[in-house]
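# Residue-level structural notes
These are the residues of each chain, in order.
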Amino acid sequence: MVAAMMLFLAKLCVLLVCGADYANAGKDVPTTHIEVVAGEPVYLPCDISTGDPSDQVLLVLWYREDLGTPIYSVDGRDRDFSLAERWSDENVFANRAYFMPEKQPAELGVDHIRETDQGVYRCRVDFKVAQTRNSKVNLTVIVPPQKIVITNESGAQLESVVGPFPEGASFTLRCDVFGAKPLPSVTWFRNDVVVSNVSVALPRAGTTHVRSELRITGLGRRDVHSELTCQASNNPKTPPLASTLHVDMNFGPLDVKILGANQPLSAGRRYDLLCQSSGSRPPASITWWRNGQRLEGAKKTTSNDGNTTTSTLSFVPRKEDDGKYLSCRAENKMMSTDRLEDKWKLEIHYTPEAKIILGTSLNPDSIREGTDVYFDCVINAHPPVYKVEWKHDGKALNINIQAGIIITNQSLVLQGVSRSTAGNYTCVGYNTEGDGESNPFYLNVMYAPTCKPNQSRIYGVAKQEQAQITCQVDANPPDVQFRWTFNNSADSVDVAQSHIARSGTSSVVSYTPMTELDYGTLLCYASNRIGTQRVPCVFHIIAAGRPDQVHNCTLSNISMTSFSIRCSEGFNGGLPQSFLLEVRESQSQEIKSNLSAPVPRFSVTSLEAGAQYQAALFSYNLKGRSEPVILQAATLRLPEKQLTAEKDNHRSAFRFTPMMSVLIGIVSALLIVGLVVILLVRLQCTQNDDRRKRHKNAAVSGGNLEHRGSTSGPTLSDKGGGSPISKHDSSAGECDSDEKNPDIIPQPVDTDETADYVRKRQHISTIETSPSRSLLHQAGNSGSGGGANAGGYIGYCTLRNGMPLHELAAQSKMHAAPPPMMGGYAPCTLPRQPQQWQYGPVSHLPPGVYPVPYRGPHPQQRPRPQPREPPIPMQPLAATEEEPSVDTPLMVNKRESTV
């Protein structure tokens, strides 16, 4: 506390001494003038240098003229001057001042000069030896302009924009500058060009500010966005203070135009139409109109400079817009100028619109088969159509005179329509826009009933078993009536209506055969208002039996664990049939798979690789099952593994030795020699063929001459035994003969019993059992003595494997006279297949598939009935209104089937 008081007293003494010394300061003190802008730092010089090396500075004091006491001191009297104590008056510079003795001369730096810091400052330096030194600094503080305010004639302050003004307008601006010291000079610029620098000082509330006015007249489009700048400056050290206004003006649109106008548009297609207007400020308001009706939904965009406005209209033209006017209007709603408008007369292209019209003389509800029908296609299109096409049920129609289809221009003529002609008809018009199809016109053709295809025509029925026979017909109109007739070998009767049921175009008759005579043919007749069915539906009622074997079996998709079997169905015995497959292992006969299916197609899986299997296929129905067809099948073996090293060893063991080269050469020579020999023999055969042909021609010529010369002599054909081939032709050696030619059928020799037997075997049909197969009509031959039943009658004969057994027996007793080609047979039935082997014929098996003995359970063998006489003499039915179909068997030998 005591030390502090001592320090304060010492400073007070210094200040008092210094104050007294300040009053006695000389008048010839050097003065330095310094100007500084307010806010910047300033450096006040003070020379503290001495010429005596032994002298040193003890004390430096700074004064301001308007203050009598020091404002800053550097005291180094009791220490080294570099460690001198510094002091600054808090009311003047405070901590903004700092002394720099290392400068030449030393300087007192003051940061952030204020306007109040302006004045004259004196620096006093006390030396240890030399006399005290004084120097002055006249500090001038410049204050730049602080604020510029621009107002219009009405006194409203403007910030950045003046206006908007119309063309030819005039206006006045005032620029006031505040806070500058000294007073600034004010200048007006127009687009960086000086237009005025006149200003006046105006006192205001104890301060003075400067004002400058600017007058602008005759504004034009070139003045839009022009810059008017008021600039004030009072010193060259700081940039001038400026304020800029932009001139805003309003203009009406200069033009408006629809871009891409006057071109055809397609109806239904979306277009983005553009309308552009320029020269309007603010941007023009653009609207779209169609025949005076405003269109909404347009989008507006403006260019960066605001001079061009574009309106986009999403427009979907319609066919009805063709010939209308589409207009675009542009106007500036800020001004009272007239609006601008651009018009476009629309041309709309559209796809053809077609419509079918039936001939005026035709009634669409009464068109019958055989009527001539014609259509007209009325088309509305722009541009006009270049092609017209007609379609029937979606398929194109072409001109076909033979089929009665005539197409001329836009008309279609159908001559003699039939039920196949019925359906939907359309016409299609084509132009550059596309194709337009009319609504379908359904041509309804009336016709009498006919039988539907793919019906069950054969029904296997047991005695006293009721069968439902379904008859389906096609008819238009479908309101039909049915009549059933039963036809057998004895008579033809109508079925009672109580046994007939009808549903739409289908009829079902309940039929129960009680005796053999009840098996025959049912005829179904239908009628509608157009007419009666001309050809009846024919259904054969036969005695039901077991089905036939499957045939044409093939193995496929053989793998290590599976294979597939596909066969063709045999006759179903008159009843629905199914199929059974049993797969057994060949050695152990163990059943590996047992499958059934409605069709003879099977896929057998889960088998062992590399094993042999037997596959037995049966067909069965309610009457039993057929003989099996046995197939041998084998699955693939597993792939064998072989080391690469072993393959390399085997490959390296083979060597191409010189001896092998010699052997290969010998074999090649032998092959060449063999080829030469074959060519020579062939050439010789060709020569022999030529000689034979010449010999035959000569023989035929001689035979003709002899025949004309004498009718009693033997002819060449007689010598040849009825064969057109010469005797020596058969001994042609290795050469080919005409007997081997498949196109020449040799004539049978009547005197040769063996040839007659072969000939008769060739003429016996191998027809499978089915009532729908052809009938064999046999003529009576009283002189042949062919059997006990030599009397002629018509029999329903279906042979399965060659001629019947009794015919084969009769052939063993051939006589000298040649028998007729179709001799008298015993009464025919539906015989089963002869026992060629245990399971039936093998001719149907594919290559590579062979039968093996079947070791499974055998189906029960049924005894074959012996041929017998017909119980009732059969008479053909009287001729009806229409001839019976070939599918209608006339069963004159009725019996119970053994199938």
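Structure: above.
Let us look at the structure shown here. The shown structure was predicted, so the numbers you read here are calculated from the model rather than taken from an experiment. (Residues numbered from 1 in each chain as written. Predicted model: local features only at pLDDT ≥ 70, side-chain atom pairs only at ≥ 80, totals over all residues. Heavy atoms only, no water.)

### Thoughts on unusual backbone geometry
Pro282 follows Arg281 through a cis peptide bond whose omega is -5°. Assignment of secondary structure puts Pro282 in the loop between strand 22 (271–278) and strand 23 (285–290). Along the chain, His382 connects to Pro383 via a cis peptide bond; the corresponding omega equals 5°. Structurally, Pro383 is set in the loop between strand 31 (373–382) and strand 32 (387–392). Phi is positive for His112, which is not a glycine, with a value near 55°. Mapped onto the secondary structure, His112 falls in the loop between strand 7 (106–110) and strand 8 (119–127). Here His112 falls in the exposed class, since its relative accessible area comes to 53%. In this model, Asn557 sits at a positive phi of 50°, which is unusual for a non-glycine residue. Structurally, the position occupied by Asn557 is in the loop between strand 48 (551–556) and strand 49 (563–568). (Helix = DSSP H or I, 4+ residues; strand = E, 2+ residues; numbered from the N terminus. Buried < 20%, exposed > 50% of the residue type's maximum accessible area, 1.4 Å probe, protein only.)

### Brief notes about the pattern of salt bridges
Applying the stated criterion to the full structure yields 24 salt bridges. Between Asp321 and Lys324 there is a salt bridge, with its nearest N and O atoms 3.9 Å apart. When its relative accessible area of 0% is taken as the criterion, Asp321 is described as buried. (Salt bridge = Lys/Arg side-chain N within 4 Å of Asp/Glu carboxyl O.)

### Description of the sheet that holds strand 27 (residues 325–331)
Pairing is antiparallel in the open sheet, where four strands are placed in the order 24-23-27-28. Two strands bound the open sheet, and with one partner strand each, they are strand 24 (293–295) and strand 28 (340–345). Within this sheet the neighbouring strands show an average axis-to-axis angle of 30°, counted without direction. In terms of strand pairing, strand 23 meets strand 24 through three bridges, oriented antiparallel. Bridged to Trp288 within strand 24 is Leu295. (Pairing = 2+ DSSP bridges. Axes fitted to C-alpha atoms, helices over the stretch in contact; angles between N-to-C directions.)

### Overview of a nonpolar patch on the surface
Together, Met659, Val662, Leu663, Ile666 and Leu670 line one region of the surface with nonpolar side chains, adding up to about 510 Å² of accessible area. In this fold, Ile666 is placed in helix 3 (residues 658–709). The partly exposed category is assigned to Ile666, whose relative accessible area is 45%. (Patch = residues over 30% accessible without salt bridge, like charges linked within 9 Å, V, L, I, M, F, W, Y side chains within 5 Å. Areas by Shrake-Rupley, 256 points an atom, 1.4 Å probe, with all protein chains shown as cover.)

### Section: the state of the cysteines
According to the stated counting rule, one finds seven disulfides in the structure shown. Note on cysteine connectivity: Cys275 is disulfide-linked to Cys328, with sulfurs 1.7 Å apart. Between Cys275 and Cys328 the disulfide shows an S-S torsion of about -90°. By sign, it is left-handed. Taken together, the residues Cys275 in strand 22 and Cys328 in strand 27 connect sequence positions 53 residues apart. For Cys328, a relative accessible area of 0% puts it in the buried group. (Disulfide = S-S within 2.5 Å.)

### Regarding the packing of aromatic side chains
Tallied over the full model, the rule gives eight aromatic pairs. With a centroid separation of 6.4 Å and an interplanar angle of 40°, the aromatic rings of Phe375 and Trp390 are classed as tilted. Here Phe375, found in strand 31, pairs with Trp390, found in strand 32; they are 15 residues apart in sequence, far enough to count as distant. Since its relative accessible area comes to 0%, Phe375 is described here as buried. Here the aromatic rings of Phe375 and Tyr425 are separated by 5.5 Å at their centres, their planes lie at 25°, and the arrangement is stacked. Of this pair, Phe375 sits in strand 31 while Tyr425 sits in strand 36 (residues 423–431), and the two are 50 residues apart along the sequence. Assessed through its relative accessible area of 1%, Tyr425 is described here as buried. Members of the aromatic cluster, each reached through a chain of ring pairs, are Phe375, Trp390, Tyr425 and Phe441. Here the basic side chain of Arg329 rests over the ring of Trp289, its NZ or CZ set 4.2 Å away from the ring centre. Over the ring of Phe618 we find Arg625; its NZ or CZ atom is 4.0 Å from the centre of that ring. (Phe/Tyr/Trp six-rings, centres within 6.5 Å; stacked < 30°, edge-to-face > 60°. Lys NZ or Arg CZ within 6 Å of the ring centre and 35° of its normal.)

### Here's the deal with the environment of Ile565
Relative to the helices and strands, Ile565 is located in strand 49. Sequence separation of Ile565 and Phe602 is 37 residues, and the distance between their C-alpha atoms is 5.2 Å. In this structure Ile565 touches Thr554, Leu555, Leu581, Pro600, Arg601, Phe602, Ala615, Leu617 and Leu631, once residues within four positions along its chain are discounted. (Contact = heavy atoms within 4.5 Å.)

### Section: the nonpolar core
If you look at the biggest cluster of nonpolar residues, it comprises 29 residues, and the most contacted ones within it are Ile48, Val60, Trp62, Phe99 and Leu108. Counting residues per element, the ones that place at least two in this core are strand 1 (31–37), strand 2 (42–46), strand 3 (57–64), strand 4 (72–75), strand 6 (97–100), strand 7, strand 8 and strand 9 (133–142). Sort the elements by how many residues they give to this core and strand 8 lands first, with four residues. Sequence-distant contacts of Phe99, defined by excluding residues within four places in its chain, comprise Ile48, Val60, Trp62, Tyr72, Val74, Arg86, Ala106, Glu107 and Leu108. One finds Leu158, Val177, Leu245 and Met249 within the second-largest nonpolar core, a separate group that totals 24 residues. (Core = buried A, V, L, I, M, F, W, Y, C linked by side-chain atoms within 4.5 Å.)

### Considerations on the sheet that holds strand 34 (residues 405–408)
One open sheet holds the five strands; their spatial order is 21-29-31-35-34, and the pairing between them is mixed. The open sheet has two free edges, formed respectively by strand 21 (265–266) and strand 34, since each of these has just one partner strand.

### Points about the pairing of strand 3
The buried count for strand 3 comes to eight of eight residues, which makes it a mostly enclosed element. Relative to strand 8, strand 3 is paired through seven bridges, and the arrangement is antiparallel. Within the sheet, the bridge partner assigned to Arg64 lies in strand 8 and is Tyr121. Sheet topology note: the strand 3/strand 4 ladder contains four bridges and is antiparallel. The residue of strand 4 that forms the bridge with Trp62 is Tyr72.

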